[in-house]
Amino acid sequence: MTHSLPDIIAPRLAVLFCGINPGMLAAATGHHFAGRSNRFWRVIHLAGFTPDEIRPENDRQILAYHCGLTTVVERSTARADELTIEDFTSAAARFKQKIGHYSPRFVAFLGKAAYTALSGQRDVPWGLQTATLEGSAIWLLPNPSGRNRAFTLDQLVDAYRQLYLAVQAKADEGDASIF
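On a predicted model such as this, the values are computed, not experimentally measured, just so you know.

Definitions and limits used
- Residues numbered from 1 in each chain as written.
- Predicted model: local features only at pLDDT ≥ 70, side-chain atom pairs only at ≥ 80, totals over all residues.
- Heavy atoms only, no water.
- Pairing = 2+ DSSP bridges.
- Helix = DSSP H or I, 4+ residues; strand = E, 2+ residues; numbered from the N terminus.
- Axes fitted to C-alpha atoms, helices over the stretch in contact; angles between N-to-C directions.
- Contact = heavy atoms within 4.5 Å.
- Phe/Tyr/Trp six-rings, centres within 6.5 Å; stacked < 30°, edge-to-face > 60°.
- Buried < 20%, exposed > 50% of the residue type's maximum accessible area, 1.4 Å probe, protein only.
- Lys NZ or Arg CZ within 6 Å of the ring centre and 35° of its normal.

Colleague: What is the right way to look at the sheet that holds strand E4 (residues 127–133) in this model?
Modeller: Within a sheet, each strand pairs with its neighbour through backbone hydrogen bonds, oriented either parallel or antiparallel. Spatial ordering of the open sheet is given by E2-E1-E3-E5-E4, a layout of five strands whose pairing is mixed. Lying at the two open borders of the sheet, with one neighbouring strand each, are strand E2 (67–71) and E4. Strand-to-strand twist across the sheet, computed as the mean angle between neighbouring axes with direction ignored, equals 30°. In this structure, strand E3 (residues 106–110) lies alongside strand E5 (residues 136–141), joined through five bridges in parallel fashion. Following the sheet pairing, Phe-109 is matched in E5 by Leu-140. This element, helix H3 (residues 85–102), spans strand E1 (15–19), E2, E3, E4 and E5 of the sheet and lies at about 165° to E2.

This is the structure we're talking about:
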């Protein structure tokens with residue numbers, strides 16, 4: 001049985017974190033980043049987005065910090081490499097419409113796979129992209145999945161901290177849509 005995971009989203013968020021697709025445990029529990037080995041909640045806390053580490057079962061608390069959660073592809077899988085190009089193709093219009101409707105300041109893709117599939121670009125750098133999505137800035141972050149051991153916890157925190165600092169800079173400029 002295939003499960004999906006409900007978005008945690010609101011209009012005009014500072015950051016909408018976009019996972020590739022729900023993992024099986026996240027979809028079964030209805031909570032984002034529910035796997036014990038997933039480092040997302042720890043990373044966003046250490047990077048400055050939240051004052052405390054949120055537990056997956058309390059994932060809706062992220063809205064209090066002007067951040068939200070979604071996935072590009074709704075279909076859950078045990079591993080992201082089980083997705084097909086058709087999964088991304090069929091999700092593209094819905095995802096673009098969602099971004100346009102909610103207008104987050106930053107869309108932060110967790111990993112390059114979903115963004116490269118949606119954009120058709122192959123070689124993209126980490127961080128801020130030159131393109132936008134429905135008026136939202138695009139930022140690429142390493143995937144915090146426990147399966148992604150190419151990045152240490154410190155490297156993840158550093159990468160996410162760069163986005164946090166960019167969000168803070170926009171808030172300091174007087175952007176009323178952030179914090």
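Having seen it, we continue.
Colleague: Explain the packing of aromatic side chains to me, please; I cannot follow it from the model alone.
Modeller: Centre-to-centre distance and the angle between the planes together describe a pair of aromatic rings. According to the stated counting rule, one finds 11 aromatic pairs in the structure shown. Ring plane angle 75° and centroid distance 6.0 Å describe the contact between Phe-106 and Trp-139, whose orientation is recorded as edge-to-face. Residue Phe-106 is found in strand E3, and its partner Trp-139 is found in strand E5; the two are separated by 33 residues along the sequence. Here Phe-106 matches Trp-139 in class, with each residue buried. Joined through ring pairs, the aromatic side chains of Phe-17, Phe-33, Phe-40, Trp-41, Phe-49, Tyr-160 and Tyr-164 make up one cluster. Here Lys-112 stacks its cationic end above the ring of Trp-126, 4.5 Å away from the centre of that ring.

Colleague: Could you clarify how one ought to interpret unusual backbone geometry in this entry?
Modeller: Excluding glycine, a negative phi dihedral is what most residues carry, and trans is how most peptide bonds are arranged. One non-glycine residue, Arg-12, lies in positive phi territory at about 60°. One non-glycine residue with positive phi stands out, namely Glu-134, at about 55°. Here Glu-134 shows up in the loop between E4 and E5.

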